[in-house]
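Okay, here's what each chain looks like letter by letter:
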Amino acid sequence: MRTDTPTPASFGNFTISRLLQASPARVFAAWATQEGKQRWFKALSGEWEQIERRFDFRIGGQERLAGKWKNGMVTDFTATYHDIVPNERVIYAYDLLVDGKKISVSLATVEIRAEGNATRMTVTEQGAFLDGYEDKGSRERGTTAQMDALAASLED
Amino acid sequence: MLATLAQGERNIGELAAPHAMSFNAASKHVRVLEQAGLVRRRIEGRSHVLRLEPQAMAAAERWLDQQRSAWEQNFDRLADYLAETDPDAPGNESP
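This is a predicted model, so every value here is computed, not measured.

Caption draft 1: Spotlight on the overall build of chain B. When you go through chain B residue by residue, the secondary structure sums to four helices and three strands. The helix and strand sequence of chain B, counted from the amino end, reads α-β-α-α-β-β-α. Taking all 95 residues of chain B together, the buried fraction comes to 33%. For chain B, restricting intrachain contacts to residue pairs at least 6 apart in sequence, the fraction spanning at least 24 positions comes to 37%. For chain B, the computed accessible surface area is about 5700 Å², with 51% contributed by carbon and sulfur atoms.

So, in structure tokens, the structure goes:
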């Protein structure tokens, strides 16, 4: 828990979408199975070393992916699954920590829809962006303004 | 003044000092910078703390780019993975 006064959170959301040449069931399986998800949900190999991966894909279950980057930065993703509809939808909330500091808490909604012979996958992320870099004397100053600007740009 | 702010947050007095400006003159200057969207003001008790905006904008854009590009890279890998494991594709084993 923080003892100094936090600066306010900022909020933003964005959506990205991709048409995938596979059935909705195969796209869903890439989210729902550990062997599927670890094939694509990761950092570039060589730039990142895994610290921990946990995967418990069920409503209320948790996923964690923590790793150390070449430059020493440690990123830590911890998610809780809130809604799972096979072959259609996955909703999870996640914390993102960088070097032990929480920088965002987000809700991610994954929607999977057949489109012709392919599958449209849409990820919408709604986040509260925090002031994790804002400690006095830290290398990153002005994070509140950054996050305000980020929120503004996310709303474009 | 912007160069000073590039080094970190300053209050109006601290911004005025190196330029031998009066507090009022510095305050007026800050207001112009603020209206131009170059600096952002935060009020802490009786002190107005200023910070530089353009740097922040660039950093926010970088952060957003990183977030989006991480997703795009994940999607690229997902598309590759789906192609590699396509049961109907020639050369791939049926499960």
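Caption draft 2: The arrangement of the packing of aromatic side chains in detail. In this structure the tally under the stated criterion is 14 aromatic pairs over all chains. Note on Trp71(B) and Phe75(B): the rings are 5.8 Å apart at their centroids and 70° apart in plane angle, and the pair reads as edge-to-face. Placement of both Trp71(B) and Phe75(B) in helix H4 (residues 54–84) is noted, with a separation of four residues, approximately one turn of the helix. When its relative accessible area of 5% is taken as the criterion, Trp71(B) is described as buried. Assessed through its relative accessible area of 0%, Phe75(B) is described here as buried. In this structure an aromatic cluster arises from ring pairing among Phe28(A), Trp31(A), Trp40(A), Phe41(A), Phe55(A), Phe57(A), Phe77(A), Tyr81(A), Tyr92(A), Tyr94(A), Trp71(B) and Phe75(B).

Caption draft 3: Representation of the confidence of the model for chain A in the model. In the predicted model, chain A carries a mean pLDDT of 79, and 74% of its residues have values of at least 70. The model gives residues 132–156 of chain A a pLDDT under 50, and that stretch makes 61 contacts with residues more than four places away or in other chains.

Caption draft 4: Main features of the sheet that holds strand E3 (residues 47–52) of chain B. All names here are of chain B. Across the sheet, which stays open at both edges, the three strands sit in the order E1-E3-E2 with antiparallel pairing between neighbours. In this open sheet, the two edge strands, each paired with only one partner strand, are strand E1 (10–11) and strand E2 (39–44). Both E1 and E3 contribute to a ladder of two bridges, which runs antiparallel. Bridge pairing links Arg10 to Leu50 in E3. Of the strands in this sheet, E2 and E3 touch helix H3 (residues 23–35), which is tilted by about 120° from E2.

Conventions we followed
Residues numbered from 1 in each chain as written. Chains lettered and ligands numbered in written order. Predicted model: local features only at pLDDT ≥ 70, side-chain atom pairs only at ≥ 80, totals over all residues. Heavy atoms only, no water. Helix = DSSP H or I, 4+ residues; strand = E, 2+ residues; numbered from the N terminus. Buried < 20%, exposed > 50% of the residue type's maximum accessible area, 1.4 Å probe, protein only. Contact = heavy atoms within 4.5 Å. Areas by Shrake-Rupley, 256 points an atom, 1.4 Å probe, with all protein chains shown as cover. Phe/Tyr/Trp six-rings, centres within 6.5 Å; stacked < 30°, edge-to-face > 60°. pLDDT = per-residue confidence, 0-100. Pairing = 2+ DSSP bridges. Axes fitted to C-alpha atoms, helices over the stretch in contact; angles between N-to-C directions.

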